[in-house]
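# Structural characterization, general
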Amino acid sequence: MNGAAFDWGAAGDVLPLLLDGFLTTLLATALGILLAAVLGLVIAVARRGPTALSAPVRAVMEFIRATPLLVQLVGAATVFSSVDPLVIGVVVLGIHYATYTSEVYRAGIDAVPKGQWEACRALSLSPRRTWQAVVLPQAVRNVLPALGNYAISMFKETPFLAVITVEEMVFKARQYGSEHFAYTEAFTLAGLIFLVASYPTSLLMRKLEKRLGH
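Residues numbered from 1 in each chain as written. Predicted model: local features only at pLDDT ≥ 70, side-chain atom pairs only at ≥ 80, totals over all residues. Heavy atoms only, no water.

### Overview of the nonpolar core
One recurring pattern in soluble globular proteins: nonpolar side chains tend to sit buried together. We count it as follows: Put simply, a nonpolar core is a bunch of buried Ala, Val, Leu, Ile, Met, Phe, Trp, Tyr and Cys residues held in one set by side-chain atoms that sit within 4.5 Å of each other. Throughout this description, buried means an accessible area under 20% of the type-specific maximum (1.4 Å probe, protein chains only), exposed means over 50%, and partly exposed covers the range between. By definition, any uninterrupted DSSP run of H or I lasting at least four residues is a helix, any uninterrupted run of E lasting at least two residues is a strand, and each is numbered from the N terminus. The contact criterion used is simple: two residues touch if any of their non-hydrogen atoms lie within 4.5 Å.
Ranked by internal contacts, the top residues of the largest apolar core, which has 16 residues, are V14, L18, M169 and Y176. Every element with two or more residues in this core is listed here: α1 (8-46), α7 (169-180) and α8 (183-213). Apart from the residues within four sequence positions on either side, V14 is in contact with Y176, A186 and L189. L69, L73, L93 and V166 belong to the second-largest nonpolar core, a separate cluster that totals 15 residues.

Printed below as a string of structure tokens:
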């Protein structure tokens, strides 16, 4: 590499490593948002329960949302040092984002017209049947774009996993840069891959949001 010039040879060398790390990034994102979606729904329903249940859930939520994701990752990796770092990363990402997706679900549930709740009671539907057949299908449909946006946000925050030695894309870029003194090429390509992957997805989420809004 000569000065600040971009070394295309180094770029060609690092690209396969970045793509390998990209698969780990995608895996962490997919599993993390799945956990966040399921746990967020559980939290949203729990918060509508009695105070003895909703109050502790809310307190834990506020604690998680008030602390940085990076601190949570390092803390979890320290406490559970024998657990695979990728597992820790997925769980921490999922729990962290569940506190946000729960608010999305809460808004979706609140948007279900009161008349439908009353109709369910008039038909003597059980609470479980009411939630499964009437409330959740509408709520989930309304919040899909928001969940997609959180998936994109999680995808862009996966580089934090590098601090607990998860070999995702930024970890690979930093590793190659330190070994070959080619940080510019490694991180430029990593940034471009993030852009190519996230920008079309964000456009898709906007279209979905407009479509569901009609």
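### With respect to the pattern of salt bridges
Stated precisely, the cut-off is as follows: Salt bridge, as applied in this entry: a Lys or Arg side-chain nitrogen positioned within 4 Å of an Asp or Glu carboxyl oxygen.
Following the criterion strictly, the structure yields 6 salt bridges and no others. A salt bridge links K172 to D20, with the shortest nitrogen-to-oxygen separation between them at 3.4 Å. Within this pair, whereas K172 is found in helix α7, its partner D20 is found in helix α1, the two being separated by 152 residues in sequence. One salt bridge connects D110 with R106, and the closest N-O pair in it is separated by 3.5 Å. You can see D110 and its partner R106 sitting in helix α4 (residues 85-110), 4 residues apart, about one turn around the helix. The partly exposed category is assigned to R106, whose relative accessible area is 35%. One continuous salt-bridge network, built from bridges that share partners, spans R47, R48, E103, R106 and D110.

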